[in-house]
Amino acid sequence: MKLSILEQSPITSGSNAHDALKQTTELAQLAEKLGYTRVWAAEHHSTSGLAGSSPEILISHLASQTEHIRVGSGGVLLPQYSPYKVAENFKVLEALFPGRIDLGVGRSPGGGQSIRLALTDGVNKSMNEFPRLLSDLQGFLDNSLPKDHPYSSIKAAPLTETLPQTWVLGLSRRGAEQAALSSTGFTFGHFIHPENGEEAVDEYLAHFQSSPRQPFPAVTACVFVVCADTAEEAEELALTQDLWLLNVEKGRSTKIPSPQETKEMSLTAEERDRMKQNRKRAVIGTAPYVKKELHRLAELYHADEIMVITNIFDFEKKKRSFQLLASAFKLSGS
């Protein structure tokens, strides 16, 4: 089974965006050495805790600092942007790094209404336009827009011998069906809403439309993972991720808290219950346990690849988590 990484470039308490992006670069280089298949940069806006607001720029940097690992977006918030411009951005990336670029797109608004309007420069675009936007994006990428399309005479430059691989990031049957009908790969966000995954993937597989760009269906699932040498250490490390998730949901600081801050935090019974519920989005433990659980999820989602996200305070322990996983799964570089 293949393993990949989704990286949100989290900023830890007491740190800054510069350090977070340096760590993202170091993580991509480590992932390549360990044999991970791809590393994706996320897109978040108006937050003090996540440095990755422009995946296109970060992809270019990460690809230039590595040699062969695939690099992509997880994902571009398509309803806020022009499909034509997104296609050109990623075709430039593909021309720079042939055969290494993934274009992951999502339907997410990226935040509240004010953030959406800032991204669209005040144009109130409907989220229901996503299927059309995705269809146009694919048409611009491989020059397959119908002749009666108003932009059929336009070419997305540069023309490249290879194309970025397109993925739809989804949480429901609706997103899965759009991925299937648009002939893209499908990535299910188990780390956001684990409840809908099985039926979403079934929808994707049942309706997948083959194409020259994507002859066969491709499924990945993204999961929060914390792996350590002992179960006790994994639990301790994961507490910083637990509290970070809770703080994000409560509208508090979005920087990852330190272990000391987690110990000092006074939590209500409701908050502790919420942290417990959030654990359904994660796999936490030793390498053998994590390997068993990821194989279980891969079987559940009919996936031959799992994408891992790890947002803990200690960067060295974060790297250790990915090293332990690579060894457990016998990746090519481990």
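What you see is a predicted model; the values in this text were computed from it and never measured.

Asks: Break down the pattern of salt bridges for me, with residues and values.
Replies: Applying the stated criterion across every chain, the model contains 19 salt bridges. Close ionic contact of Lys318 with Glu7 constitutes a salt bridge, the shortest N to O distance being 3.0 Å. You can see Lys318 sitting in helix 12 (residues 315–328) and its partner Glu7 sitting in strand 1 (residues 2–7), a full 311 residues away along the chain. Using a relative accessible area of 4% as the deciding quantity, one classes Glu7 as buried. We note a salt bridge from Glu203 to Arg173, for which the minimum N-O separation is 3.0 Å. Pair noted here: Glu203 is in helix 7 (residues 197–207) and Arg173 is in helix 6 (residues 173–181), with a separation of 30 residues, a long-range link.

Asks: Tell me what's going on with the environment of Ser9, and back it up with residues and numbers.
Replies: Mapped onto the elements, Ser9 comes out in the loop between strand 1 and helix 1 (17–34). Remark: the alpha-carbon pair of Ser9 and Glu43, spanning 34 residues in sequence, is separated by 9.6 Å. The residues touching Ser9, leaving out its near neighbours within four places in the chain, are Ala20, Leu21, Thr24, Gly49, Leu50, Ala51, Gly52 and Leu58. In this structure the side chain of Ser9 is engaged in a polar contact, spanning 2.7 Å, whose partner is the side chain of Thr24.

Thresholds applied
- Residues numbered from 1 in each chain as written.
- Predicted model: local features only at pLDDT ≥ 70, side-chain atom pairs only at ≥ 80, totals over all residues.
- Heavy atoms only, no water.
- Salt bridge = Lys/Arg side-chain N within 4 Å of Asp/Glu carboxyl O.
- Helix = DSSP H or I, 4+ residues; strand = E, 2+ residues; numbered from the N terminus.
- Buried < 20%, exposed > 50% of the residue type's maximum accessible area, 1.4 Å probe, protein only.
- Contact = heavy atoms within 4.5 Å.
- Polar contact = N/O pair within 3.5 Å; in protein donor to acceptor, adjacent residues only side chain to side chain.

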